[in-house]
Amino acid sequence: MQAVLDAISLGGTYALAALGLGLVFGVLKLVNFAHAELITIAAYIMVITNDLPLVVSFLIAALSATALAVLTELTVYRRLRGTGPAIMLIASFGLSVGLQKSFELIFGALPRSAAVAPWMTGSIEMANLNITIASLVTVGLTIFILLAMGYLVDYTTLGLQLRAASADFKTARLLGVRSNRLITSSFAISGVLAAFVGFIVVVENPQVEPMFGLNITILALVGIVIGGISSLRGCALGGFIVGFILSVLNTYLGNARVYAYSYLFMAVVIILLVRPGGILSKGNEMERV
Amino acid sequence: MSLLKVENLCSGYGKVDVLFGISFSLSEGKSLGIVGPNGVGKSTLLKTIAGEIVPKSGVVSLLGEDITGKKPEDIVRLGLSLVPEGRQIFSGLSVTENLLLGLTGRKDKSSSKIALEQVKALFPVLNTHAKHQAGMLSGGQQQQLAISRALLSAPRVLLLDEPSLGLAPNVILDVFEKLKEIIANKTAVVIVEQRAHLVASFADQTIVIRDGQIQATLSSADAKNQELLRGAYFGPGS
Ligand SMILES: Nc1ncnc2c1ncn2[C@@H]1O[C@H](COP(=O)(O)OP(=O)(O)O)[C@@H](O)[C@H]1O
Ligand SMILES: [Mg+2]
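Residues numbered from 1 in each chain as written. Chains lettered and ligands numbered in written order. Predicted model: local features only at pLDDT ≥ 70, side-chain atom pairs only at ≥ 80, totals over all residues. Heavy atoms only, no water.

### Some remarks on the overall build of chain B
Scanning chain B from N- to C-terminus turns up nine helices and ten strands. A compact globule built from 238 residues would reach a C-alpha radius of gyration of about 18 Å, and chain B, at 17 Å, matches this within 12%. Relative to its full complement of 238 residues, chain B shows a buried share of 54%. Roughly 10,200 Å² of accessible area belongs to chain B as shown, and the carbon and sulfur atoms make up 51% of that amount. Each charge class in chain B can be summarised by its mean position, and for the 25 positive and 22 negative side chains these summaries are 3 Å apart. (Helix = DSSP H or I, 4+ residues; strand = E, 2+ residues; numbered from the N terminus. Rg over C-alpha atoms; globule rule 2.2 N^0.38 Å. Buried < 20%, exposed > 50% of the residue type's maximum accessible area, 1.4 Å probe, protein only. Areas by Shrake-Rupley, 256 points an atom, 1.4 Å probe, with all protein chains shown as cover. Lys, Arg positive; Asp, Glu negative; His and termini not counted. Charge placed at Lys NZ, Arg CZ, Asp CG, Glu CD.)

### Side note on the coordination of the magnesium ion (ligand 2)
Residue and element names in this part refer to chain B. At 2.0 to 2.7 Å from the magnesium ion (ligand 2) lie its protein donor atoms, namely Ser43 (OG) and Glu85 (OE). On the criterion of sequence distance, the pair formed by Ser43 in helix α1 (residues 42-50) and Glu85 in the loop between β6 (80-83) and α3 (95-102) is long-range, its members being 42 residues apart. In this structure Glu85 comes out as partly exposed when scored by relative accessible area, which is 33%. (Donors = N, O, S within 2.8 Å, 3.2 Å for Na, K, Ca; no water.)

### A short note on the packing of aromatic side chains
Residues and elements named next belong to chain A. This model, assessed by the stated rule, comprises ten aromatic pairs over all chains. Ring centres of Tyr44 and Phe107 lie 4.0 Å apart, and the angle between their planes is 20°; this geometry places the pair in the stacked category. Of this pair, Tyr44 sits in helix α2 (residues 35-48) while Phe107 sits in helix α4 (residues 85-107), placing them 63 residues apart in sequence. Taken individually, Tyr44 and Phe107 each receive the classification buried, so the pair is uniform in this respect. (Phe/Tyr/Trp six-rings, centres within 6.5 Å; stacked < 30°, edge-to-face > 60°.)

### A closer look at the interface of chain B and chain A
The interface is formed by 20 residues belonging to chain B together with 18 residues belonging to chain A. For the pairing of chain B and chain A, the buried interface totals around 1,700 Å² over both sides, and the portion due to carbon and sulfur atoms is 60%. On the chain B side of the interface with chain A, the three residues burying the most area are Glu73, Phe90 and Leu101 of chain B, jointly 31% of the side's total. A salt bridge links Arg178 of chain A to Asp74 of chain B; its shortest N-O distance comes to 3.2 Å. On inspection of chain B and its partner chain A, the count reaches six residue pairs in polar contact (both at pLDDT 80 or more). If one sorts the elements of the side of chain B that touches chain A by residue count, helix α2 (residues 72-78) of chain B sits on top with five residues. (Contact = heavy atoms within 4.5 Å. Buried area = accessible area lost by both parts, 1.4 Å probe. Salt bridge = Lys/Arg side-chain N within 4 Å of Asp/Glu carboxyl O. Polar contact = N/O pair within 3.5 Å; in protein donor to acceptor, adjacent residues only side chain to side chain.)

### Some remarks on the pattern of salt bridges
According to the stated counting rule, one finds eleven salt bridges over all chains in the structure shown. Between Glu104 of chain A and Lys101 of chain A there is a salt bridge; the shortest N-O distance is 3.8 Å. Residue Glu104 of chain A and its partner Lys101 of chain A are both found in helix α4; the two are separated by three residues, about one turn of the helix. The class of Glu104 of chain A is partly exposed, set by a relative accessible area of 33%. Put simply, Lys56 of chain B and Asp17 of chain B hold a salt bridge, and the shortest N to O gap is 2.8 Å. With Lys56 of chain B in the loop between α1 and β4 (57-62) and Asp17 of chain B in strand β2 (residues 16-27), this residue pair connects regions lying 39 residues apart in the sequence. Overlapping salt bridges bring together Glu73, Arg78 and Arg81 of chain A as one network.

### Observations concerning the sheet that holds strand β3 (residues 31-35) of chain B
Residue and element names in this part refer to chain B. The sheet built from six strands is open, its strands ordered β6-β7-β8-β3-β9-β10 with mixed pairing. Every other strand in the sheet has two partners, leaving β6 and β10 (213-219) as the edge strands with one partner each. Shown here is a sheet whose adjacent strand axes are inclined to one another by a mean of 20°, direction ignored. The strands touched by α1 are β3, β6, β7 (157-161), β8 (188-193) and β9 (205-210); relative to β7, the strand with the most contacts, the crossing angle is about 150°. Strand contacts of helix α9 (residues 226-234): β3, β9 and β10, with the helix running at about 35° to β9, the strand carrying the most contacts. (Pairing = 2+ DSSP bridges. Axes fitted to C-alpha atoms, helices over the stretch in contact; angles between N-to-C directions.)

### Things to note about the site of ligand 1
Residue and element names in this part refer to chain B. The immediate surroundings of ligand 1 are formed by Tyr13, Val18, Asn38, Gly39, Val40, Gly41, Lys42, Ser43 and Thr44. Taking Lys42, its main chain carries an N or O atom lying 2.8 Å from an oxygen atom of ligand 1. Note that an oxygen atom of ligand 1 is positioned 2.7 Å from one of the side-chain N or O atoms of Ser43. Contact with the protein chains removes 59% of the 550 Å² of surface that ligand 1 exposes when unbound. Broken down by element, the residue count for the shell around ligand 1 peaks at three residues, all from α1. Taken together, the residues of the shell around ligand 1 sort by class into three nonpolar, five polar and one charged. (Near = heavy atom within 4 Å. Nonpolar A, V, L, I, M, F, W, Y, C, P; charged D, E, K, R; others polar.)

### Some points on α2 of chain A
Here α2 of chain A contains 14 residues, and its C-alpha end-to-end distance of 20 Å stays within 8% of the 20 Å for a straight helix at 1.5 Å per residue. Extensive coverage of α2 of chain A is indicated by the burial of 13 of its 14 residues. (Expected span 1.5 Å × (residues − 1).)

### Description of the side chain of Gln142 of chain B
All names here are of chain B. Examined against the element boundaries, Gln142 turns out to sit in helix α6 (residues 139-151). Gln142 sits in the buried class, given a relative accessible area of 16%. Once you skip the residues sitting within four places of it in the chain, Gln142 turns out to touch Arg87, Ile89, Ala134, Gly135 and Leu137.

Right under this line is the structure:
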């Protein structure tokens, strides 16, 4: 039971990370490697402001991650828009490394740590089962956020514009969709999502260092590829699958845990051989690329 | 007053020049046809007017206001809407969602509901398929959707890039009938077509583009003169 909850909660966390990446990719066709640093900054802020009430601490963290996301768009990506995908990708790499170095300068190379939300590390008895509060909170929180994101994307004007722009930005603009505003909004939302991820991860692993968000971001990217990068639903599902599989492997491999990544990537290759465009892709995406 | 005025427009892609000094003007309730062989720059002209391409030189004015170099999302708000080549409907979205997106560029949101009713009255098929994925519609229905979507921004000038492309002859006639209604409704329309005779007999005036310039201007009466039309289209001696 605990293993299942752990798998769902890790899956949910990766789904949130993948969703943040997918949002930005949708409108900009850019894999934003610096998404990792949005997660990292949120985690740093949670640790540093740990003395404040949790909600306040999280709000500051979310604001910081959102501000950083918007700042990278305004100062770097907007200027490079139209230069071509390769340059944008390299810029996002550079930005990611640059931010890591900045974190090192500001917060030090050694991990900063604090017990964020210590009550969450306890466990409760449910139907004769011992379950950690953290996993319950994480599952509840991710379900809530995924539903909220689903509502935003499916039922609001912003969501409709996001879907349209992801499919065909040129035509969306012809119809009046304001490109700058929409892109900035997706960066802002990706910042908020990154903050939730940072919070969830820092509760379990309170050692925050400059590369804190890197691992989860890379695995979320794998998830996006599996799920199908062209739809947000696919991104979230792919992220979930990666987190879920990884958690299950970690539980059942025991001492062979070091092979978890090998098995994971084997699963990825198999999925991609069967469905090259991702699980939720519609038909022949191969021909379009 | 002319709704749309294009003066000495030069445009292209990067170092490639496509159009060299195009000028025309269009007033309320009028229609202009643009014809010319494949690849002469008809789409480039419409994209430049709609703001998708920034011209190298020249001026585009809409209702007397200079809109040269403005962004497409701003130009549509000023009253000019383009139905792009190949329709470009959002095939993964529903018909209704496509229409709602058309309202994005509409300034007067208070009349949005009425406008939606109006386009559905003009193209009843959109009502029948409201909840369906737009990609499931037939070519003719997709063209109707693309035109409706563009109309929802309440344009004074409507640009259409090859609306007849891929449509059956009777469907084309249908679409052109609807365009007449739209023009009667205080809108000016620019239609790009490869089928010269079709648009030349329909539009008040038709310009023929070749070598990046206007080679001839034809009235709808000229369209009946096959000789004249062919000469203008393919150049002298054809
Ligand atoms: N995106 C583009 N980049 C570079 N050249 C283009 C592009 N689109 C069109 N062209 C070129 O510009 C010329 C005019 O194209 P276009 O306006 O589409 O012609 P038409 O609509 O009259 O068939 C063609 O030679 C075409 O190859
Ligand atoms: Mg064309």
